[in-house]
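# Fold and geometry: a report
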Protein chains: 2
Amino acid sequence: MRSKGFEGMACSIAAVMGAIGDRWGMLIMRDLLLGIRRYDDLRQSSGVTNTTLSDRLKLLEENGLVERRRYQTRPERFEYQPTGRGRDLGLLMQAMVQIGDQWNLSNLEGPPLDFMDRRTGQGVKLITVNRETSGPVERDHLGVRPGRGADALMTWRLSRGSERAESSAVRSGQSQGADYPAVRDDHSSARSP
Amino acid sequence: MRSKGFEGMACSIAAVMGAIGDRWGMLIMRDLLLGIRRYDDLRQSSGVTNTTLSDRLKLLEENGLVERRRYQTRPERFEYQPTGRGRDLGLLMQAMVQIGDQWNLSNLEGPPLDFMDRRTGQGVKLITVNRETSGPVERDHLGVRPGRGADALMTWRLSRGSERAESSAVRSGQSQGADYPAVRDDHSSARSP
DNA sequence: TGACTAAGTCTTATTATGAGAGTTATCTGC
DNA sequence: GCAGATAACTCTCATAATAAGACTTAGTCA
């Protein structure tokens, strides 16, 4: 059974994960964004099996992240390239590289992949800034609130999240609250989903 | 069969995806970062089944992203909270929200989740900046190169990526090259993996 | 001729998943 | 004092997905 309900979820995180499919989908998108175009190259680069690669490419195409294009006839040969939407996932890739490099799970002597400014050759990183002023915002100051597209479940999730952070968890002095404390909306209620 | 070789890959993207496990793992991390702590709340919030939630929580704990803590005895009750490493995934969450909001696959009238600066209440976003000067870097100027932790496969991947971008693909005038064009290293070669 | 390339499909055994029932220990309301 | 609720799971079963790798098709290369 592939999925249960990633489609109807009012959550951008679920939407993005649903579109990518799984970690194989993500590795394939990584390779495409790095410029790999051919089926066999994708297979060798990611180490995925034929069955899964074939399936994921179809899925990514259906989800509008990848375009399949015939680059020669007789025999027919196809290549795959990211669409505009697929290219948006570059941000995700940067975030993963930044986090993974920090963790360094494989105990490497440096990052495997180094993002940089092509003009200057200098390294780059992702930071959080104010949407209007572009001034930097520290992680400790970040919060979250239901947006206009939030449904009852999202509202419940956020209020439940801040609830726990203030009751048993904090009383015991051991547990920490939400990493992105919810800022309560006027119309937020804590009904069960 | 769960996975083939996500462990030995010299790639931060694979490392992060491997640690999260799959999209259910990501939804669980989302909920934990929003402050949800209890098993039943996680289940209701994410819509995951018991079997999968139980399995994923163990996996996330093994991977050091989540900590299981007894908050009461008789009867024993446990809660789950993100570790420091788990908290790093907040950046990933922000990236997904930013991308998913842009796509708006569910045709909502606004974002479901709104990240902001708690001090001012103003919205925030992720941008790419120079690692030293903190000056903004445009997407079109981004490139990539093998870092010190790159293995033969990563080097091959990057050189193959820029190869395709310059040969058949561009010759035909239809295909575009890598979104993050590789900057060639002096010691990069194009041997097969 | 034989080897090789590219882009897959097909087969089989193993593993994961969804749905939901069952379990254990305790607390709450009446 | 006992039905029902709560919390955090485990168990079962039918179905779906996966890994490994053999096979296919239509050419090119030496």
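Just above, that's the structure.
As a starting point, this report considers the structure included with it. (Residues numbered from 1 in each chain as written. Chains lettered and ligands numbered in written order. Predicted model: local features only at pLDDT ≥ 70, side-chain atom pairs only at ≥ 80, totals over all residues. Heavy atoms only, no water.)

Tallying the contact residues gives 123 residues for chain B and 122 residues for chain A. When chain B packs against chain A, the two sides together hide about 11,800 Å² of surface, and 57% of this comes from carbon and sulfur. On the chain B side of the contact with chain A, Ile13, Arg23 and Trp103 of chain B bury the most area, a combined 7% of that side's loss. Notably, a salt bridge pairs Asp88 of chain A with Arg139 of chain B, separated by 3.5 Å at the nearest N-O pair. Looking at which element gives the most residues to the side of chain B that touches chain A, the answer is helix α6 (residues 90-103) of chain B, with 14 residues. For the side of chain B that touches chain A, a count of residues per class yields 55 nonpolar, 36 polar and 32 charged. (Contact = heavy atoms within 4.5 Å. Buried area = accessible area lost by both parts, 1.4 Å probe. Salt bridge = Lys/Arg side-chain N within 4 Å of Asp/Glu carboxyl O. Helix = DSSP H or I, 4+ residues; strand = E, 2+ residues; numbered from the N terminus. Nonpolar A, V, L, I, M, F, W, Y, C, P; charged D, E, K, R; others polar.)

All right, on to the pattern of salt bridges then. Inspection of every chain in the model, using the stated rule, returns 26 salt bridges over all chains. Note that Asp31 of chain A and Arg157 of chain B form a salt bridge whose closest N and O atoms lie 3.9 Å from each other. Of the two residues, Asp31 of chain A sits in helix α2 (residues 23-33) while Arg157 of chain B sits in helix α7 (residues 152-166), which places them in two different chains. A single burial state applies to Asp31 of chain A and to Arg157 of chain B, both of which are buried. A salt bridge links Glu79 of chain A to Arg69 of chain A, with the nearest nitrogen and oxygen atoms 2.8 Å apart. Here the residue Glu79 of chain A occupies a position in strand β2 (residues 77-82), and Arg69 of chain A occupies one in strand β1 (residues 66-72), the gap between them amounting to 10 residues. Each member of the pair, Glu79 of chain A as well as Arg69 of chain A, is classed as buried. (Buried < 20%, exposed > 50% of the residue type's maximum accessible area, 1.4 Å probe, protein only.)

Any link to function would need more than the numbers given here.
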